Amino acid sequence: MAPVKVFGPAMSAHAARILVCLEEVGAEYEVVNVDMQAKEHKSPEHLARNPFGQIPAFQDGDIVLFESRAIAKYVLRKYSKSAGVDLLREGDLKEAAMVDVWTEVEAHTYNPALSPVVYECLIYPAMRGVPTNQKVVEESLEKLKKVLDVYEARLSKHDYLAGDFLSFADLNHFPYTHYFMGTPHASLFDAYPHVKAWWERLAARPSVKKLSAGMPLKF
Amino acid sequence: MAPVKVFGPAMSTNVARVLVCLEEVGAEYEVVNVDFDAGEHKRPEHLARNPFGQTPAFQDGELMLFESRAISRHVLRKYKTEEVNLLREGNLQESALVDVWLDVEAHQYNPAISPIIYQHYLIPMRGGTPDQKLISERMDLMKKLLDVYEARLSKFKYLAGDFASLADVSHFPYTYYFMATPYASVFDSYPSVKAWWESLMSRPAVQKVISQLPKQ
């Protein structure tokens, strides 16, 4: 069976969302770089994979997908049984629902609060040569604190977000949180001991350690 | 079996997303209003259902959920039948395409359309004037998205393929309100998208939810 292909820079947070799932199920995969500086993501070849001209995209034989969370779920559904892993819990109504809830929270609440700090402190200065917009950082940190209040309450009751089992919901937090830890504001997590412990459990996973090595915090 | 409960204002777009799914599967449900003006969404009783103080929230026996797309998935998964299968979780390729286009709705379509709805409907309700510059910029983004949707829907009847799915019905609430704004005519330039929208509107589940919405 040919390895599946993930199209996009390996250090991209959205690509990492897929790669961590591939690592967790032990699937063979290949990362095919897409040169954003050269506008390769807008080339006809890439638009055929992702009609919105974004990264990542994915190919498994005849199946071509885009949107990182949709791709990651496909990977988990395809390989979970043979890998003895169950990160979606689709066999159990209640557990599957909790995985879905906290996956949505990451997408609609956690990431919008946290990722602007990553963009302003790390990505924009490196990629666009612009200074950090402190106002955006401060507003985002205020939002993030309120979000982490809720996470702290949740994670003081359960080891992981969907319950006492690791799931897709937790793994989705890895890429941007990893980069957040490279900003001057990483110590924010110190005020949330259960969140910090949960993050350290995630960061210690072999899959996360392996990918983190390819995601340097200095751009 | 007790009817499931959906907590939130019936006219709310995100509540309507869940209601369409409940109607699609024919489940019994009750809508319990949450009074935002009275700050009910920030009180302990509601925070116990949705710790972020938002709506909808949802109760199915002892199971409490929030996030409208997660609730929708649960409803469609629990009540699915041979005839009504809007997630296609038994089929690797079909379920992936449902997920792709639901994520497109959530991460591309919604950020383009919802500020237009907010500016056009909610700002005037608070005595403000809609930000035309923002609306115009969001409309430019809508057009770029609709270019892609047109290409997709000229090949397939629905977004995930030739079968209706959560990806399609998830577009209903915001698009419904959009169609009552002066900007609705943008859809006239996208015949396949327009036909797709009209077929969504003709679904009995969608018609039922519309009949329960307060008059605009």
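Given the structure is predicted, the values throughout are model-derived calculations rather than measurements.

Draft legend 1. The overall build of chain B, seen in detail. In terms of helices and strands, chain B carries nine helices and four strands. Each helix and strand of chain B, ordered N terminal to C terminal, gives the series β-α-β-α-β-β-α-α-α-α-α-α-α. For chain B, the C-alpha radius of gyration of 17 Å lies close to 17 Å, the compact-globule estimate for 216 residues. If one aligns the C-alpha atoms of chain B with their principal axes, the spans along those axes are about 50 × 45 × 25 Å. Taking all contacts inside chain B whose residues are at least 6 apart in sequence as the whole, residues at least 24 apart take part in 66%. Accessible surface for chain B amounts to roughly 9,600 Å². Of this, 52% is attributable to carbon and sulfur atoms. Computed over 23 positive and 27 negative side-chain charges, the inter-centroid distance for chain B is 3 Å.

Draft legend 2. Structural context of the sheet that holds strand S4 (residues 63-66) of chain B. All names here are of chain B. Pairing within the open sheet is mixed, and its four strands lie in the order S2-S1-S3-S4. In this open sheet, the two edge strands, each paired with only one partner strand, are strand S2 (29-32) and S4. Direction aside, neighbouring strands of the sheet carry axes that sit 20° apart on average.

Draft legend 3. Layout of the pairing of S2(B). Here four bridges tie strand S1 (residues 4-7) of chain B to S2(B), and the two strands are oriented parallel to one another. Directly across from B:Val6, in S2(B), lies its bridge partner B:Val31.

Draft legend 4. View of the interface of chain A and chain B. Listed by partner, the interface residues are 30 residues for chain A and 30 residues for chain B. For the pair chain A and chain B, the two sides together bury roughly 2,800 Å², of which 69% comes from carbon and sulfur. Per-residue buried area on chain A facing chain B is highest for A:Phe52, A:Arg77 and A:Leu93; these three make up 21% of the total on that side. Scanning the region where chain A abuts chain B turns up three salt bridges. When the shortest N-O distance is used, the salt bridge between B:Asp99 and A:Arg77 registers 3.0 Å. Put simply, chain A and chain B have seven residue pairs in polar contact (both at pLDDT 80 or more) between them. Elements with a minimum of two residues in the side of chain A that touches chain B: strand S4 (63-66), helix H3 (68-83), helix H4 (93-128) and helix H5 (134-155) of chain A. The element best represented in the side of chain A that touches chain B is H4(A), accounting for 13 residues. The class makeup of the residues in the side of chain A that touches chain B is 18 nonpolar, three polar and nine charged.

Draft legend 5. Molecular detail of the nonpolar core. By size, the foremost hydrophobic cluster in this structure holds 139 residues, and its most contacted members are A:Trp102, A:Tyr151, B:Trp101 and B:Phe178. Beyond its immediate sequence surroundings of up to four residues, A:Tyr151 is in contact with A:Trp102, A:Val105, A:Glu106, A:Tyr110, A:Leu161, A:His173, A:Val195, A:Trp198 and B:Phe52.

Draft legend 6. A look at the confidence of the model for chain B. Per-residue confidence for chain B gives a mean pLDDT of 96, with 99% of residues at or over 70. This complex was scored by the predictor with a pTM of 0.96 and an ipTM of 0.96.

Draft legend 7. Inspection of the environment of A:Ile71 at higher detail. All names here are of chain A. Relative to the helices and strands, Ile71 resides in helix H3. For Ile71, a relative accessible area of 0% puts it in the buried group. The sequence separation of Ile71 and Val6 amounts to 65 residues, and the corresponding C-alpha distance is 9.3 Å. If we ignore the near neighbours within four places in the chain, the residues touching Ile71 are Ile18, Pro56, Ala57, Phe58, Leu65 and Phe66.

Draft legend 8. Just helix H9 (residues 206-213) of chain A, in detail. Residues and elements named next belong to chain A. Inspection of H9 places Ser207, Val208, Leu211 and Ser212 among the buried residues, and these make up the whole buried set. Considered in projection along H9, the buried side chains sweep an arc of 125° and stay on one side of the axis. Residues of H9 that are exposed and point more than 90 degrees away from the buried face comprise Pro206, Lys209, Lys210 and Ala213. Looking at the packing, one finds that the buried side of H9 touches helix H1 (13-25), strand S2 (29-32), helix H7 (174-180) and helix H8 (193-203).

Draft legend 9. Spatial organisation of the packing of aromatic side chains. Enumeration over the complete set of coordinates arrives at 21 aromatic pairs over all chains. On the basis of an interplanar angle of 45° and a centroid distance of 6.1 Å, the ring pair of A:Tyr119 and A:Tyr176 is categorised as tilted. Remark: A:Tyr176 occurs in helix H7 and A:Tyr119 occurs in helix H4; sequence separation between them is 57 residues. On the numbers, 5.8 Å between centres and 70° between planes, the contact of B:Tyr121 with B:Tyr177 is edge-to-face. Here the residue B:Tyr121 occupies a position in helix H4 (residues 92-125), and B:Tyr177 occupies one in helix H7 (residues 172-178), the gap between them amounting to 56 residues. With a relative accessible area of 10%, B:Tyr177 lands in the buried category. Positioned above the aromatic ring of A:Phe7 is the side chain of A:Arg49, whose terminal nitrogen or guanidinium carbon lies 3.9 Å from the ring centre. When the ring centre of B:Phe7 is taken as origin, the NZ or CZ atom of B:Arg49, which lies over that ring, is 3.9 Å away.

Draft legend 10. Focus on helix H9 (residues 204-212) of chain B. Residues and elements named next belong to chain B. Of the positions making up H9, those classed as buried are Ala205, Val206, Val209 and Ile210. One side of H9 carries all its buried residues, which in axial view fall inside an arc of 135°. Along H9, the residues that are exposed and aim more than 90 degrees away from the buried face are Pro204 and Ser211.

Parameters at a glance
- Residues numbered from 1 in each chain as written.
- Chains lettered and ligands numbered in written order.
- Predicted model: local features only at pLDDT ≥ 70, side-chain atom pairs only at ≥ 80, totals over all residues.
- Heavy atoms only, no water.
- Helix = DSSP H or I, 4+ residues; strand = E, 2+ residues; numbered from the N terminus.
- Rg over C-alpha atoms; globule rule 2.2 N^0.38 Å.
- Contact = heavy atoms within 4.5 Å.
- Areas by Shrake-Rupley, 256 points an atom, 1.4 Å probe, with all protein chains shown as cover.
- Lys, Arg positive; Asp, Glu negative; His and termini not counted.
- Charge placed at Lys NZ, Arg CZ, Asp CG, Glu CD.
- Pairing = 2+ DSSP bridges.
- Axes fitted to C-alpha atoms, helices over the stretch in contact; angles between N-to-C directions.
- Buried area = accessible area lost by both parts, 1.4 Å probe.
- Salt bridge = Lys/Arg side-chain N within 4 Å of Asp/Glu carboxyl O.
- Polar contact = N/O pair within 3.5 Å; in protein donor to acceptor, adjacent residues only side chain to side chain.
- Nonpolar A, V, L, I, M, F, W, Y, C, P; charged D, E, K, R; others polar.
- Core = buried A, V, L, I, M, F, W, Y, C linked by side-chain atoms within 4.5 Å.
- Buried < 20%, exposed > 50% of the residue type's maximum accessible area, 1.4 Å probe, protein only.
- pLDDT = per-residue confidence, 0-100.
- Arc of directions from axis to C-beta.
- Phe/Tyr/Trp six-rings, centres within 6.5 Å; stacked < 30°, edge-to-face > 60°.
- Lys NZ or Arg CZ within 6 Å of the ring centre and 35° of its normal.

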